[in-house]
Number of protein chains: 2
Amino acid sequence: MTKTHLDRALGAQLEELRKTLLGMIDHVESMVWSAAQALTARDRQLAARVIDSDHFVDRTELEIDEACLRIFARYQPLAGDLRLVTLAMKMVTDLERMGDVAVNICERALELGDAPLLIGEDELLAMASLVREMIREARQAFARSDVDVATTVIWRDDDVDRHYLRLLAVVLARMQEDPSHVRRGIPLLSAAKALERIGDHAVNLAEGVIYLVKGKDVRHLAHPSMPPHGVG
Amino acid sequence: MTKTHLDRALGAQLEELRKTLLGMIDHVESMVWSAAQALTARDRQLAARVIDSDHFVDRTELEIDEACLRIFARYQPLAGDLRLVTLAMKMVTDLERMGDVAVNICERALELGDAPLLIGEDELLAMASLVREMIREARQAFARSDVDVATTVIWRDDDVDRHYLRLLAVVLARMQEDPSHVRRGIPLLSAAKALERIGDHAVNLAEGVIYLVKGKDVRHLAHPSMPPHGVG
């Protein structure tokens, strides 16, 4: 193949890679939201469906890893292309873990069974909704190479932490009021903690996008500069 | 540079990469063990030292990622070399998370302060000791490209899960007996869960070694075949 042919073939492979990654993000976002629904609505069937759908994530992870290795071997990508391929391999790891954590939430939902939640469903759904928004924004940031949106995701993480701490305080108080609440409180706290971890993974995705666009690593820095209007 | 020079230079870079990774594993192993000590011995100074030492892990992660990108760009590694470089990029992600989780354990230790643990320290240290063994074995498997040792790590994960469930049952029971135990029980459960997550990351490292040696991906398979004598 000539240089131009190679470039074009590489371009097509990278485009395919991007599409597969976006599909994987969509799938994980839907798993996370459905897991929160299953938990708050006591929907065992939904929980079982989410657990079952994790196979898709696992399979896609392996496919993307293999595609990346093929691209390395055939095209020896450089600069931005190289960053995209290595980022893809890191992103699938985060996405796979997000899928696993959504499965954990569903397992907690099954554990809780029909027992009423110790806290308002609204509180837990608000946290899930925030985390879903972070995943969506991380997706958008990746799709459009948008550093501003990626930065928003990083900032939102503090909101998730605040939600979690508030929820933790409420559940702890209920458990102390009445020890019979302990057995129901623990799976609930696990689920809330799981949502927080999913938020962390969304931050990893967003940091990856900044790295991809700027060629600059923002991991382990203080927060990148806040947009002037703040984050709603 | 001639082909031979390039090969030799690549060989030296990969050797350096291996050494840095082994050093990172050693550091993380020591963080995890010290975190468990800090928790059980109520040693705030040790907890603070572990938290502080996480900078080393963060810095090494960035260094290894950069080294991998340089190796990709300069040498376009193939086959086993390519697998090693991509594996290195995945391994540092696991190691960085393990460091973060060790930091979480230390934060729980600081939260607990001088309050007595709800369970025997031996129980928690036994779990930490098992997880430390998994990290050591994952290191050994990587250093010697030893698939058998890597397989042992994967099998040990079930033991960690059993430990965690036993501990969860005991702490839950204590919390139900006496609601004033709830506030002490929660950080303890977080710490135990954290140890379990570190075990999961050790399994990821071990699966990576099998992939490196065999060129075969064992993620998302049922457990690889058990050694005939079982795992002690």
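Throughout what follows, the structure given in this document is the object of discussion. (Residues numbered from 1 in each chain as written. Chains lettered and ligands numbered in written order. Predicted model: local features only at pLDDT ≥ 70, side-chain atom pairs only at ≥ 80, totals over all residues. Heavy atoms only, no water.)

### Section: helix α5 (residues 147–177) of chain A
- For α5(A), which comprises 31 residues, the first-to-last C-alpha distance of 46 Å matches the rise-based estimate of 45 Å (1.5 Å per residue) to within 8%.
- One side-chain oxygen of the residue at the start of α5(A) lies 3.0 Å from the amide nitrogen of A:D148, identifying that residue as A:D146. (Helix = DSSP H or I, 4+ residues; strand = E, 2+ residues; numbered from the N terminus. Expected span 1.5 Å × (residues − 1). Polar contact = N/O pair within 3.5 Å; in protein donor to acceptor, adjacent residues only side chain to side chain.)

### Topic: the relation of the copies chain A and chain B
- In the superposition of chain A on chain B (RMSD 0.0 Å, axial shift 0.0 Å), the rotation amounts to 180°. Seen this way, the second copy is the image of the first under a two-fold rotation axis. (Least-squares fit on C-alpha atoms with pLDDT ≥ 70 in both.)

### A closer look at the interface of chain A and chain B
- With 34 residues of chain A at the interface, the matching set in chain B holds 34 residues.
- For the pair chain A and chain B, the two sides together bury roughly 3,200 Å², of which 61% comes from carbon and sulfur.
- Across the chain A-chain B interface, the total number found is eight salt bridges.
- Between A:R219 and B:D65 there is a salt bridge, and its shortest N-O distance comes to 2.6 Å.
- Taken together, chain A and chain B are joined by 16 residue pairs in polar contact (both at pLDDT 80 or more).
- For the side of chain A that touches chain B, the secondary-structure elements that each account for two or more residues are α2 (44–75), α3 (79–112), α5 and α6 (182–214) of chain A.
- A total of nine residues in the side of chain A that touches chain B trace back to one element, the largest contributor, which is α3(A).
- Taken together, the residues of the side of chain A that touches chain B sort by class into 16 nonpolar, seven polar and eleven charged. (Contact = heavy atoms within 4.5 Å. Buried area = accessible area lost by both parts, 1.4 Å probe. Salt bridge = Lys/Arg side-chain N within 4 Å of Asp/Glu carboxyl O. Nonpolar A, V, L, I, M, F, W, Y, C, P; charged D, E, K, R; others polar.)

### A few points about the side chain of A:S34
Residue and element names in this part refer to chain A.
- By the element assignment, S34 lies in helix α1 (residues 3–41).
- Exposure remark for S34: the relative accessible area of 17% places this residue in the buried category.
- Apart from residues no more than four positions distant in its own chain, S34 is found in contact with L46 and V50. (Buried < 20%, exposed > 50% of the residue type's maximum accessible area, 1.4 Å probe, protein only.)

### As for the packing of aromatic side chains
- In the structure shown here, the tally under the stated rule is one aromatic pair over all chains.
- Taking NZ or CZ as reference, B:R18 lies 5.1 Å from the ring centre of B:F142, over its face. (Phe/Tyr/Trp six-rings, centres within 6.5 Å; stacked < 30°, edge-to-face > 60°. Lys NZ or Arg CZ within 6 Å of the ring centre and 35° of its normal.)

### Details of the nonpolar core
- In terms of nonpolar packing, the biggest core is built from 171 residues, with A:F142, A:M175, A:I186, B:F142, B:M175 and B:I186 touching the most fellow members.
- Those residues in contact with B:M175, other than ones at most four positions away along the chain, are A:M175, A:P179, A:V182, A:I186, B:L118, B:H181, B:V182, B:G185, B:I186 and B:L189. (Core = buried A, V, L, I, M, F, W, Y, C linked by side-chain atoms within 4.5 Å.)

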